[in-house]
2 protein chains.
Amino acid sequence: MTTGAELVIETARSLDLDVCFANPGTTELPLVHALDRVGGVRAVLGLHENVCTGAADGYARLAGKPALTLLHLGPGLANGLANLHNARRAFSPVVNLIGEHASWHLSADPPLAADIEALAGVVSRWTRRCVSAGACGRDMAEALAAVTSGRGSIATLILPHDVQTAAAGDAAPAVVRPRGYPAVDTDAVARAARLLAGAEAPAVLLGGSGLHGSGLEAAGRLGVTLIAEVSFARLETGRGRPPLRRLPYFPEQAQALLDQFDAIVVAGTRLPVSFFGYDDKPSRYLEDRDDVVLLADQEEDAASALTALAAEMGAKRAAPDSGEHPDEGAFAGSSAGLDADTIARVTTARLPEDAVAVVTAVSSSAAFYEHSRGAAPHTQIALTGGAIGEGSALSLGAGVACPGRRVVALEADGSGAYIVQALYGHARENLDVTTVICANQRYRILEIELERAGMRRPGSNATDLADLSRPALDWVSLARGFGVPGTRVTTAGELDAALARSLETAGPYLIEAVF
Amino acid sequence: MTTGAELVIETARSLDLDVCFANPGTTELPLVHALDRVGGVRAVLGLHENVCTGAADGYARLAGKPALTLLHLGPGLANGLANLHNARRAFSPVVNLIGEHASWHLSADPPLAADIEALAGVVSRWTRRCVSAGACGRDMAEALAAVTSGRGSIATLILPHDVQTAAAGDAAPAVVRPRGYPAVDTDAVARAARLLAGAEAPAVLLGGSGLHGSGLEAAGRLGVTLIAEVSFARLETGRGRPPLRRLPYFPEQAQALLDQFDAIVVAGTRLPVSFFGYDDKPSRYLEDRDDVVLLADQEEDAASALTALAAEMGAKRAAPDSGEHPDEGAFAGSSAGLDADTIARVTTARLPEDAVAVVTAVSSSAAFYEHSRGAAPHTQIALTGGAIGEGSALSLGAGVACPGRRVVALEADGSGAYIVQALYGHARENLDVTTVICANQRYRILEIELERAGMRRPGSNATDLADLSRPALDWVSLARGFGVPGTRVTTAGELDAALARSLETAGPYLIEAVF
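Peer 1: For this particular structure, what's the right way to read the state of the cysteines?
Peer 2: By definition, a disulfide links the sulfur atoms of two cysteine residues through a covalent bond. All told, the structure shown has 0 disulfides over all chains when counted by the stated rule. You can see Cys 402 of chain A has no disulfide; the closest cysteine sulfur is in Cys 20 of chain A, sitting 19 Å from it. Cys 20 of chain B carries a free sulfur, and the closest cysteine sulfur to it, the one in Cys 52 of chain B, is 8.0 Å from it.

Peer 1: Sorry if this is basic, but what is going on with the sheet that holds strand 14 (residues 378-382) of chain B here?
Peer 2: Strand pairing in a sheet relies on backbone hydrogen bonds, with the paired strands running either antiparallel or parallel. All names here are of chain B. Pairing is mixed across the open sheet formed by 7 strands, whose spatial order is 9-14-13-15-16-18-17. With one partner strand each, in any of the chains shown, strand 9 (235-237) and strand 17 (486-489) form the two edges of the open sheet. Averaged over all pairs of adjacent strands, the angle between their axes in this sheet comes to 20°, without regard to strand direction. As paired elements, strand 15 (residues 407-412) and strand 16 (residues 433-439) share 6 bridges and run parallel to each other. By the bridge assignment for strand 16, Ala 412 is matched with Cys 438.

Peer 1: Explain the relation of the copies chain A and chain B here, please?
Peer 2: The second copy of the chain is related to the first by a rotation about an axis and a shift along the axis. Here chain A sits on chain B after a turn of 180° about the axis and a move of 0.0 Å along it, with an RMSD of 0.0 Å. What the superposition gives is, in effect, a two-fold axis relating one chain to the other. Taken together, the interface assignments show that 100% of the residues at the interface of chain A recur at the interface of chain B, consistent with an identical surface on both copies.

Peer 1: Just to check I follow, could you spell out the interface of chain A and chain B for this structure?
Peer 2: Note on interface size: it is often stated as the accessible area lost on association of the parts. Contact with chain A, which involves 93 residues of that partner, is made by 93 residues of chain B. For the pairing of chain A and chain B, the buried interface totals around 7800 Å² over both sides, and the portion due to carbon and sulfur atoms is 60%. The three residues of chain A that bury the most area against chain B are Pro 111, Arg 428 and Leu 465 of chain A, which together make up 9% of that side's buried surface. Counting across the interface, chain A meets chain B through 6 salt bridges. A salt bridge links Asp 464 of chain A to Arg 428 of chain B, with the nearest nitrogen and oxygen atoms 3.4 Å apart. Among the elements that take part in the side of chain A that touches chain B, helix 4 (residues 73-90) of chain A stands out by supplying 9 residues, more than any other. Along the lines of polarity and charge, the residues of the side of chain A that touches chain B split into 48 nonpolar, 28 polar and 17 charged.

Peer 1: So what exactly am I meant to see when it comes to the pattern of salt bridges here?
Peer 2: Two side chains carrying opposite charge are able to pair once their charged atoms lie near each other. With the rule as written, the count across this model stands at 61 salt bridges over all chains. A salt bridge links Glu 370 of chain A to Arg 373 of chain A, with the nearest nitrogen and oxygen atoms 3.3 Å apart. Note on Glu 370 of chain A: relative accessible area 39%, which makes it partly exposed. Taking the relative accessible area as the measure of exposure, Arg 373 of chain A reaches 24% and is therefore partly exposed. The shortest N-O distance in the salt bridge between Arg 345 of chain B and Asp 341 of chain B comes to 3.3 Å. Linking Arg 345 of chain B with Asp 341 of chain B, this pair stays in helix 13 (residues 340-350), spanning 4 residues, or about one helical turn. Note on Arg 345 of chain B: relative accessible area 33%, which makes it partly exposed.

What counts and what doesn't
Residues numbered from 1 in each chain as written. Chains lettered and ligands numbered in written order. Predicted model: local features only at pLDDT ≥ 70, side-chain atom pairs only at ≥ 80, totals over all residues. Heavy atoms only, no water. Disulfide = S-S within 2.5 Å. Pairing = 2+ DSSP bridges. Helix = DSSP H or I, 4+ residues; strand = E, 2+ residues; numbered from the N terminus. Axes fitted to C-alpha atoms, helices over the stretch in contact; angles between N-to-C directions. Least-squares fit on C-alpha atoms with pLDDT ≥ 70 in both. Contact = heavy atoms within 4.5 Å. Buried area = accessible area lost by both parts, 1.4 Å probe. Salt bridge = Lys/Arg side-chain N within 4 Å of Asp/Glu carboxyl O. Nonpolar A, V, L, I, M, F, W, Y, C, P; charged D, E, K, R; others polar. Buried < 20%, exposed > 50% of the residue type's maximum accessible area, 1.4 Å probe, protein only.

In structure tokens form, the structure reads like this:
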């Protein structure tokens, strides 16, 4: 007898899914049982649901296919929402499987009952409550088609316990398929080509599939300034790759950069907006300009559009970026103290070829990006939705998606504390993840924003709420508690040596870089 | 000039609120500034929003007045939803202040934008988006009136950044007041009195204000068996207090207990339901019985109803419960190994008078409850909504609400890992909180539920997802990482000695009790 739960997992398996980031409870046990009965889907435990959803986001960005999550009822989904928000902004395909109370029990309003549809709707493009075991296969197939249509999105499939356990019969394979990307807009290609060709200072703002693979390669042949969106899902950079500037985080800096160009083509992202609204500063940087062409938006296929644009312009292969070539041994024995720039320089100098760099520190990320352009060729992923702390969960997903590649994560102490539980996954799965914690013992971004808001003499609450020094978090102990070895460093030389040790040792490691 | 943000805090202060559990970001900085400008409201930092909301729940249960939370946009609220779910089920009054993007910036759909109203609606009885600075005082007053009407509920006030910073003018005090409880139903009192008087085996099932203070005292005078609801918000127990059985967690056990009585009066809770639905086991235990009277439901004032019932029945003061009197020194030097029962016996024997016991371990809580009836008189709080891991956050709120009272928390390793960040609050606020981690290195409840579901030979995924032993969490290191000293114990004597040490030492402590 095939159950509804087994049909869900069989369908996922038949569509090439093989990883499920799980934090199940009682109402998900038939799905857990189905994982065992069906086989072929690996369950990876997260100690908190936001670990599962952040790992699913990281996995999807790198594996190029959807991840499953398995979450417990409404509160379990609620716990995972912040990283699903990030995943939604990354266009990562993720299917959440939510166990729900048995249909006949739900009317008793048991303690864990909550409005799962309302929670799911905030992050999901597709939400469904499965009503019969026989429909489980079709529902799962439609969920998968939904999340893999176009650039990717989130689906949530709610599976009542009685539906999971009921006999499903022999369900026919569902006749569904993902929708492709919208066709490349040839008019926009022609307009973009004319705009760039006639400009004195042309630039292309890139996102999505414009930041890696064939999209980045085509962009590199255009011979114009390339700018990456600030909150990118996945980017390839380092020596030999087309050089990409990055749109600054603060609006006045972003606006100033974009104002340097008399032609801007946007591919794979939307017209850029400010992260926060500040009085007298812009929300939208490219509004009211007539020298902008939207070649492909954030849900269109930037790679195809850029390839067409390069052909239209007769663009040739560009000379590779010479970059700086930092010397791996440049910091050996250095007694220089640490700051965000030094941490970035040391870490990028040590970055192994083909590494995955997970860069989600808040106030310490910009320096890393600048120096990473001269590092060995690597993939870089960033925070897309602004819900901070995703780094260690992204690293878990990246490690699962990319066995054989070293993951190097740059996270902060303030943001890292949000989902410190993800370190347990690094240990449990014995992943090659090296985490560098930029431990400045404060929410530095809050101090910066207080200054920007003109609060130059903040009061005791404002000072206190940005202060993480009483007591300071002891990251080496936290890592040990979750099974990850680590060390604390205070100089460039110590950081360099710790990185070198970790990179030649299999398994996870954490370096607390104090400044 | 008074700003909208200042008007919010002034109004809260004028209505006697003085604690705000906060994890602010950029869009909440005017509210942080207002905390400093207005004064009188203490900001307590949580490293994660679920710390803030769980602490608010614990604070509200013990302080008898609402707590404020300050959360960052939709993702911050999302992070705090699971404990707001628990707080909703506890009828804890909590007002969430959510900073939102400036109104004029929101239409740019910046990265952190999300449907805050949808998230808030899942847990809140009252949700409002403030539209002008001048309305901030009235909106805050109405939020407070909403959460303190009747037994208590959640309100969420969404405050756009531009509304927070705008000039508010001199707002008149808002003319609002909380609604009281519904009047006691005198017909129900008369019916309950007749039912109990004519029964051979009468019982009263208690919740809400029936479990402490005048409600419990009145119930104790009825001379009938008293049963506490399983998921209670706050209960007073220990030597000298009316003895309370507790409704079992599993439905067949709960049903069997209730079937022993030929008259059941329910006061301060709803007609009881099962936590989960199991095939062939009941959802609702008291359905189809004609020997049940609902004297006061979960939103009515059980204390007044029970007082009226005691008067109607001419009930006299009952003899206090003799209880067992465990000897404080009974476990000194004992080399007996640990299990849930032994941990409960040792901990309850050491429990100081007037302690607050926060008992949220999952599979280890029932034993604690049984033994706590013979402990020194104390207050006990439990998990109300089933979203696990709230213990350390509840303890933070309890410690802030009850300076001078020792908080003793019994938490598990599996559930404790969900919000381990709350330990930082214990250290930062230097609270007298002693946390005992029942470290059985597994999600024991999952194993029990697998057995109950007849999965006697679980496969590798089912076994693995319930297993927390590879690696085992090192709770002493985790505590140290967050600034809390601790020790690991494996025998009753070691646990006893560690408890004794902690209870005579100011400040937080964590004991990892391994079994």
